[in-house]
Amino acid sequence: MMREKPSIAIIGGGIGGLTAAASLTRLGFNAQVYEQAEQFAPIGAGIQLTANAMKALGGLGLAESLRSEGFAPAAFHSRDWDTGNVTNVLIMGEPLERRYGAPDLMIHRGRLHSALGTLVPRDCIHFDKRLVAIEQRESSAMLSFADGSRVEAMLVIGADGVHSVVREALFGAEKPRFTGRVAYRTVYPTARINGIAIDERAKWWGPDRHVVHYFTTRNKDEIYFIAVTPEPDFRVESWSMSGHRNMLLAAFAGFHPTVRAILSAASAVRKWALVERDPMPSWWKNGIVLLGDACHPMTPYMAQGAASAIEDAVVLARCLDHVGRDGISKALAVYTASRKQRTDRMQLTNRENTWLREKTDTDWVYEYDAWRTQLAWPENSPA
Ligand SMILES: Cc1cc2nc3c(=O)[nH]c(=O)nc-3n(C[C@H](O)[C@H](O)[C@H](O)COP(=O)(O)OP(=O)(O)OC[C@H]3O[C@@H](n4cnc5c(N)ncnc54)[C@H](O)[C@@H]3O)c2cc1C
């Protein structure tokens, strides 16, 4: 039986929002994206797409284009911050791809975002639309934007990031918790490190701070680093806020010479306050649902924030694919039941910041396939 598909409004055109739009468009839904920015810009720095994220993106047809641009390291080294002694090696490359069915790829966040953008029809993305209010109606929601325009949709997906307005409308205001740590991040041409030998991907672990670096391009001509350090008085979160290079170098003054060479080679750095939340009891009410950082923001220590948003988007689209207009609530309940246990565990494991420092079981994170994982439909349900 043909089911009539609901109209869908996605708030936020970040990685989660665009993946949701791409997945839903692929399944024949009319999904419109409302993004507050005036246009997409290549913001951000490097992003690690672990095998679970790559499987989800592969299902959207992006595996080859991402692979042709990004870099798949042969190994990940964990090292002590001062001596450089290796505490763990994760073999990546071919063996990891064979084990998990997809590569672990490093890429510039802007390139990932652009690739996702190609999957969503241009006329389905509406820029300069900052959501300011949601009015819940009997079987729809009325959205109001800062420019005075209004839109009605049967289903609203809040993919509007850690300070989600949709989340606040559903569950009330509650600020995310500042971890007391900031991240300095940048990408720059590899030529700037003057040929010093560096790992293809490494994390240098200090007592209360750390540095991760990797190449972001297939031909290794671009390096990314993220350097995380305590700075309890800094509170700005922004993909484009400049950081003081001198403060960065002072914070890592005692680190191994290789780390200092990588940090010193940057001409400019961006700075970001790291925030998080506790797992939420629920992600949806009536015809409004959250995904990505809007419902489970996590620290970046396992590189799973974007990966989780991508997984959410695919699973949500799959749940909706099985119901018509009158089955939305059931689909949202199944989506939450299918996803929350995993993201709760991610949020809490991230917080420990021990992932891969020593030998670590990576199966539960990397094995997951959002297109195939069993959905939590109750017995005798539509699926
Ligand atoms: C330092 C750092 C490093 C990271 N490294 C990695 C990594 O290596 N791998 C990984 O998987 N993850 C990583 N992450 C996490 C990842 O970046 C986030 O989890 C991911 O961006 C979340 O995607 P999202 O779509 O939920 O939210 P966002 O990417 O924040 O997108 C939200 C979108 O909503 C829009 N928006 C917000 N409010 C409104 C409104 N009111 N109306 C309309 N639009 C609105 C915003 O403009 C934005 O476009 C890192 C995060 C940080 C901070």
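The structure this text deals with has already been given above.
Rules of the game
Residues numbered from 1 in each chain as written. Predicted model: local features only at pLDDT ≥ 70, side-chain atom pairs only at ≥ 80, totals over all residues. Heavy atoms only, no water. Phe/Tyr/Trp six-rings, centres within 6.5 Å; stacked < 30°, edge-to-face > 60°. Helix = DSSP H or I, 4+ residues; strand = E, 2+ residues; numbered from the N terminus. Buried < 20%, exposed > 50% of the residue type's maximum accessible area, 1.4 Å probe, protein only. Near = heavy atom within 4 Å. Polar contact = N/O pair within 3.5 Å; in protein donor to acceptor, adjacent residues only side chain to side chain. Areas by Shrake-Rupley, 256 points an atom, 1.4 Å probe, with all protein chains shown as cover. Nonpolar A, V, L, I, M, F, W, Y, C, P; charged D, E, K, R; others polar.

1. Description of the packing of aromatic side chains
Then, in step 1: A complete count under the given rule lists 11 aromatic pairs for this structure.
Then, in step 2: Aromatic pair Phe-40 and Phe-127: ring centres 4.7 Å apart, planes at 80°, arrangement edge-to-face. Taken as a pair, Phe-40 in the loop between β2 (30-34) and β3 (46-49) and Phe-127 in the loop between β7 (125-126) and β8 (131-136) lie far apart in primary sequence, 87 residues in all.
Then, in step 3: Judged by its relative accessible area of 23%, Phe-40 falls in the partly exposed class.
Then, in step 4: For Phe-127, a relative accessible area of 23% translates into the label partly exposed.
Then, in step 5: Aromatic side chains Trp-81 and Phe-255 sit 5.3 Å apart centroid to centroid with 55° between the ring planes, which places their arrangement in the tilted category. On the criterion of sequence distance, the pair formed by Trp-81 in the loop between β4 (75-80) and β5 (86-91) and Phe-255 in the loop between α7 (245-251) and α8 (257-264) is long-range, its members being 174 residues apart.
Then, in step 6: Three or more aromatic residues joined by ring pairs make a cluster, and in this case those are Tyr-100, Trp-355, Trp-364 and Tyr-366.

2. Some words on the site of the ligand
Then, in step 1: As a matter of local geometry, the ligand sits amid 33 residues, with Gly-16, Glu-35, Gln-48, Leu-131 and Asp-293 nearest to it.
Then, in step 2: The separation between an oxygen atom of the ligand and a polar main-chain atom of Gln-48 is 2.9 Å.
Then, in step 3: The side chain of Asp-293 places a nitrogen or oxygen atom 2.8 Å from an oxygen atom of the ligand.
Then, in step 4: If the ligand stood free it would expose 1000 Å²; the protein chains cover 89% of that surface.
Then, in step 5: Mapped onto the shell around the ligand, the elements with two or more residues apiece are α1 (15-26), β3, β12 (177-189) and α9 (305-321).
Then, in step 6: Along the lines of polarity and charge, the residues of the shell around the ligand split into 15 nonpolar, 11 polar and 7 charged.

Interpretation in functional terms is not warranted from these geometric data alone.
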